[in-house]
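# Chain and residue survey
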Amino acid sequence: AEVINNNSGFKEFYIGEGNSASCGGQEGVSDTFTATLWSLDFLSALSKTGVRGMNFHGGPAGPYSAIAFSANGTVDVRPLYYGLLAFTELTCNHSHWVSATVSNSAPAGSDPTCATGTMASSHGDDICCNASCGACGGTGCNDRPGGSDSCCAGSILSANVSCAEHGPPCVMPPDYVDDVVAHATTSTADGYTRVLLLAKQLHAVADTRTVKVCVTGKIAAAARVLSIATSTTGARGDASAKHGLNFAGQTFDGTTDGRPRGARVRRVYHYAHLVRLLVVGDGVLHMAFYHRGLVCRWNRP
């Protein structure tokens, strides 16, 4: 409760130690692109609830270390570091959080949250009836517009059509998570509104989807987009990747001094495309910079 209400006068709250898994991390998770995606969403969620700082536990070895070293002293910049670096850029220059929502992140024709229907629970399952039913399930459901197939819990459960793939009438998925989430900050220091789009669901086949993003604040005529990808082409993401990552075209693979290699790349989208940013499947991330004046000062170590 103190964390959630931190902005209402409670003492500042810091998490002194944590990471993706205990006891050094989990091989194949903590040291992969999955940790990149997790850290960005995790840190954003913590900060929004009032947490002022988070210390990631690490060391010279162990799967969850953001930076590790080989036996001969060669530096190994892990996927987690890319997430921490991107979060630093998202929140730089005394930024504060603003509202950001994503629509059309679910497949076309689906309604996993029953936004276009009316919802009810039956025997532990959530179902979504047609909006024309007026009410979902219960006595007399078969006499409502649409009949039993559209308005009665038993019929909808028997048909077993998932709302993750179809609209109502359907059964709502119990473990549904939006494919795409957005976190946004704005800064009075440099005039930027920064938007983080994060593709959370992992798909066996690359999935390209157009999403619309609604952000509180002024939006300029063009967006500068930085991407985290698991290949130099940025064509798609591989959640199991341990190397081959790049942020804004730069990679730490092969670095000998801890500095990124390659030229920094930003793609520019003009206003006609501003609210139709592409999110490429398996978690390729796009960070958009909506500019009002000054260039964001990004300081590398």
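Attention here is on the structure that accompanies the text.

Definitions and cut-offs
- Sequence order as written defines the numbering, with residues in each chain counted from 1.
- In keeping with the model being predicted, local features are shown solely for residues with a pLDDT of at least 70 and side-chain atom pairs are shown and tallied solely at 80 or more, while totals for entire chains, interfaces and linings include all residues.
- Excluding hydrogens and water, the side-chain values take into account all heavy atoms of the structure.
- Two rings belonging to Phe, Tyr or Trp (six-membered ring only in the last case) form a pair when the distance between their centres is within 6.5 Å. Interplanar angles under 30 degrees mark stacking, angles over 60 mark edge-to-face geometry, and anything in between is tilted.
- By the criteria applied, helices consist of DSSP H or I runs no shorter than four residues and strands consist of E runs no shorter than two, each listed in order from the N terminus.
- Two conditions define a charge located above a ring, namely a distance within 6 Å from the ring centre to NZ of Lys or CZ of Arg, and an angle within 35 degrees of the ring normal.
- Any two strands with at least two DSSP-identified bridges between them are counted as paired.
- Expected helix span is taken as 1.5 Å per residue step, with the number of steps being one fewer than the number of residues.
- Here's how the labels work: a residue is buried when its accessible area is under 20% of the maximum for its type, exposed when over 50%, partly exposed in between, all with a 1.4 Å probe on protein chains only.
- Salt bridges are identified by distance alone: a Lys or Arg side-chain nitrogen within 4 Å of an Asp or Glu carboxyl oxygen.

## Some points on the packing of aromatic side chains
The tally for this structure, following the rule as stated, stands at five aromatic pairs. When the ring of Tyr82 is compared with that of Phe252, the centres are 5.5 Å apart and the planes differ by 80°; the resulting orientation is edge-to-face. A residue pair is termed long-range when its members are at least 10 positions apart, and Tyr82 in helix α2 (residues 79–90) and Phe252 in the loop between β15 (246–247) and β16 (267–270) qualify at 170 residues. On the numbers, 6.4 Å between centres and 35° between planes, the contact of Phe87 with Trp97 is tilted. Of this pair, Phe87 sits in helix α2 while Trp97 sits in strand β5 (residues 96–98); the two residues are ten residues apart in sequence, bridging distant segments of the chain. If you follow Lys48 out to its NZ or CZ, it ends over the ring of Trp97, 5.4 Å from the centre.

## Focus on the sheet that holds strand β7 (residues 117–122)
Reading across the sheet, the three strands line up as β7-β8-β9 and stay open at both edges, with antiparallel pairing between neighbours. Each edge of the sheet is formed by a strand with only one pairing partner; in this case those strands are β7 and β9 (170–171). Where β7 meets strand β8 (residues 125–130), six bridges bridge the pair, whose relative direction is antiparallel. Counted as the bridge partner of Ser122 is Asp125 from β8.

## What about α2?
The first and last C-alpha atoms of α2 sit 17 Å apart over twelve residues, in line with the 16 Å expected at 1.5 Å per residue. The buried fraction of α2 is high, at ten of twelve residues.

## Quick word on the pattern of salt bridges
Scanning the entire structure with this criterion turns up four salt bridges. Asp31 is the partner of Lys242 in a salt bridge, and the nearest nitrogen-oxygen pair spans 3.2 Å. Linking Lys242 in the loop between β14 (222–229) and β15 with Asp31 in the loop between β1 (13–18) and α1 (33–48), this pair joins segments that are 211 residues apart in sequence. Judged by its relative accessible area of 33%, Lys242 falls in the partly exposed class. Here the salt bridges share partners, and the residues they tie into one network are Glu27, Asp31 and Lys242.

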